[in-house]
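# A structural walkthrough
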Amino acid sequence: MMRWIAAASMLVSLAVQGETPVAEAQKLYAVEFRTGPAWKPGLVPPAQPYFKEHSANLQRLRSEGVLVAGARYGEVGLVVLRATSLAAAESQIAQDPAVVHGLFSYQLNEMLVFYPGHLGKPVSPP
């Protein structure tokens, strides 16, 4: 009974935080996206071929609870994925239409978290 109460409490906590529960065996993976050979200089990102499909794929990963966070810095896009293995994370990214068609290249690495925290939108000073 106590285990059930603890599990229910954890699920409520995750729901309040807007996260989905995941199996203990899942790991985090960082995916850095950079422009690939099909990138057309001079075109803004939304006008690039397969960019809308890339955005739709990221939304799919988010709705499935696979995509934990996403951001950009400089010319690099970064997403953090939950997956059971490097191969599982790789299979999620390898099916992205923008990757398949060379708009983006990517680098994938397992994250070894030493300081857990919460990523959120920046808060404007009062």
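Residues numbered from 1 in each chain as written. Predicted model: local features only at pLDDT ≥ 70, side-chain atom pairs only at ≥ 80, totals over all residues. Heavy atoms only, no water.

### Section: the pattern of salt bridges
Applying the stated criterion to the full structure yields two salt bridges. Put simply, Glu-32 and Arg-34 hold a salt bridge, and the shortest N to O gap is 3.3 Å. Of the charged contacts, one joins Arg-60 and Glu-64 as a salt bridge, the two residues approaching to 3.1 Å between their closest N and O atoms. (Salt bridge = Lys/Arg side-chain N within 4 Å of Asp/Glu carboxyl O.)

### Here we look at the packing of aromatic side chains
The tally for this structure, following the rule as stated, stands at three aromatic pairs. Ring pairing ties together the aromatic residues Phe-33, Trp-39, Phe-51 and Phe-104, which thus form one cluster. (Phe/Tyr/Trp six-rings, centres within 6.5 Å; stacked < 30°, edge-to-face > 60°.)

### Side note on the sheet that holds strand β2 (residues 67-73)
The four strands lie next to each other as β2-β3-β1-β4, forming an open sheet whose pairing is antiparallel. At either end of the open sheet lies a strand with only one pairing partner, and these are β2 and β4 (104-111). Each strand of the sheet is rotated relative to its neighbour by a mean of 20°, with strand direction disregarded. As judged from the seven bridges shared by strand β1 (residues 27-35) and strand β3 (residues 76-83), these two strands associate in the antiparallel manner. Residue pairing across strands places Lys-27 opposite Ala-83, the latter belonging to β3. Most of the contacts of helix α2 (residues 51-63) go to β2, to which it runs at about 140°, and overall it touches β1, β2, β3 and β4. Across the sheet, helix α3 (residues 86-94) is in contact with β1, β3 and β4; its angle to β4 comes to roughly 155°. (Pairing = 2+ DSSP bridges. Helix = DSSP H or I, 4+ residues; strand = E, 2+ residues; numbered from the N terminus. Axes fitted to C-alpha atoms, helices over the stretch in contact; angles between N-to-C directions. Contact = heavy atoms within 4.5 Å.)

### Observations regarding α2
In an α-helix, one turn spans 3.6 residues, which is why side chains three or four residues apart end up on the same side. Taking 1.5 Å as the rise per residue, α2 with 13 residues should run 18 Å; its terminal C-alpha atoms sit 18 Å apart, in good agreement. Every buried residue belonging to α2 is among Phe-51, His-54, Asn-57, Leu-58 and Leu-61, and all of these are buried. Each buried residue of α2 lies within a common arc of 115° when the element is viewed along its axis, so the set occupies one face. The outward face of α2, more than 90 degrees from its buried face, is lined by the exposed residues Lys-52 and Ser-63. Structurally, α2 contributes buried residues whose contacts are with β1, β2, β3, α3, α4 (97-100) and β4. (Expected span 1.5 Å × (residues − 1). Buried < 20%, exposed > 50% of the residue type's maximum accessible area, 1.4 Å probe, protein only. Arc of directions from axis to C-beta.)

### Notes on α3
Taken together, the buried positions of α3 are occupied by Ala-89, Gln-92 and Ile-93. The arc that holds the buried residues of α3, viewed along the axis, is 95°, so those residues lie on one side. Residues of α3 that are buried make contact with β1, α2, β3, α4 and β4.

### A word on the side chain of Asn-57
Along the chain, the position of Asn-57 falls in helix α2. Of the polar contacts made by the side chain of Asn-57, one reaches the side chain of Arg-60; its length is 2.9 Å. For Asn-57, the contacting residues outside a window of four places in its chain are Gln-92, Asp-96 and Pro-97. (Polar contact = N/O pair within 3.5 Å; in protein donor to acceptor, adjacent residues only side chain to side chain.)

### A closer look at unusual backbone geometry
The phi angle at Tyr-50 is positive, at roughly 70°, despite the residue not being glycine. Mapped onto the elements, Tyr-50 comes out in the loop between β1 and α2. Classification of Tyr-50 by relative accessible area gives partly exposed; the value is 33%.

### Some thoughts on the side chain of Gln-92
Within the secondary structure, Gln-92 sits in helix α3. The contact partners of Gln-92, leaving out residues within four places of it in the chain, are Asn-57, Arg-60, Leu-61 and Val-66.

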